[in-house]
Amino acid sequence: MQLIEAPSSPITQKLMDIYNALYQHFGPQHWWPAETPFEITVGAILTQNTAWKNVEKAISNLKKAGFLEPKALYKLPLPYLAELIRPVGFFNLKAKRLKNFLEFLFKEYEGDLDRMFQEDTTTLREKLLKIRGIGPETADSILLYAGSKPTFVVDAYTKRIFSRHNLISEEADYEEIRSSLENADIVFIASGFGGGTGTGAAPIIAKIAKEQGAIVISMVTYPFALEKNKLVKAEEGINNLR
């Protein structure tokens, strides 16, 4: 990896300091944990107001029952869907929210998630926010993690950390925080290579960021030497990232 000196603006330097401290302490987190963009999308809706371990149980139920793909989930009756996702809490409400998204996906894009993500980022974000039950954080999670779209996900931790470092005010709302951070001139990408999500998404995110004039710094981890197939994928991902 070639290291590039970052611009010396105060917000960029502060972001770099925060990123480096977090990365050194926690290491790569391999987020979002999922096998497909659709699984990420479903997880983003189910994770509202619940712990991730509960989402994993619900996702596992959907997989075992053979419903974790758009058409099958779209046709699944609401009561059965609610029962399968019971571990996430508020399961009746979240089942309706999933159905609202699926209605949108099939009405606008004939159930094709790839086709949906071909939409312009701003336009698609506006459409997602019109779906009942999908707020800004959920919409941005879908765009970033499932669609590899250049958007910043603002959660409670983002606001808490950045306000304490005087990068934003404590009264700043979601859109104000998102706008200020998306206008930063440097992008960090940390990912584990060798699987599907990080290996495929990181080069796309890097390309988009570069096209928008940002400096991109990437940090990736390799699989173990025994995982030969994953090593091949990791090498392909590195080449694409360059």
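What you see is a predicted model, and the numbers here were worked out from it, not measured in a lab.

**Section: the packing of aromatic side chains**
For the coordinates displayed, the defined rule picks out 5 aromatic pairs. Between the aromatic rings of Trp-32 and Trp-52, the centroid separation amounts to 5.4 Å while the plane-to-plane angle is 90°, which identifies the pairing as edge-to-face. Highlighted residues: Trp-32 in the loop between α1 (10–26) and α2 (37–46) and Trp-52 in helix α3 (residues 52–65), separated in sequence by 20 residues. With a relative accessible area of 19%, Trp-52 lands in the buried category. Judged by centre distance (6.3 Å) and plane angle (45°), the ring pair of Phe-101 and Phe-104 falls under tilted. One end of the pair, Phe-101, and the other, Phe-104, are both in helix α6 (residues 91–109), 3 residues apart, so they sit about a helical turn from each other.

**A short note on the side chain of Lys-94**
The residue Lys-94 is located in helix α6 in this model. Buried charge without a partner: Lys-94 forms no salt bridge, and the closest opposite charge is Glu-137, 12 Å away. Here Gln-48 takes part through its backbone oxygen, which lies 2.5 Å from a polar atom of the side chain of Lys-94. Residue contacts for Lys-94: discarding those within four places in its chain leaves Ile-45, Leu-46, Thr-47, Gln-48, Asn-49, Thr-50, Ile-85, Val-88 and Gly-89.

About the cut-offs
Residues numbered from 1 in each chain as written. Predicted model: local features only at pLDDT ≥ 70, side-chain atom pairs only at ≥ 80, totals over all residues. Heavy atoms only, no water. Phe/Tyr/Trp six-rings, centres within 6.5 Å; stacked < 30°, edge-to-face > 60°. Helix = DSSP H or I, 4+ residues; strand = E, 2+ residues; numbered from the N terminus. Buried < 20%, exposed > 50% of the residue type's maximum accessible area, 1.4 Å probe, protein only. Lys, Arg positive; Asp, Glu negative; His and termini not counted. Salt bridge = Lys/Arg side-chain N within 4 Å of Asp/Glu carboxyl O. Polar contact = N/O pair within 3.5 Å; in protein donor to acceptor, adjacent residues only side chain to side chain. Contact = heavy atoms within 4.5 Å.

Bear in mind that shape data such as this cannot, by itself, settle questions of function.
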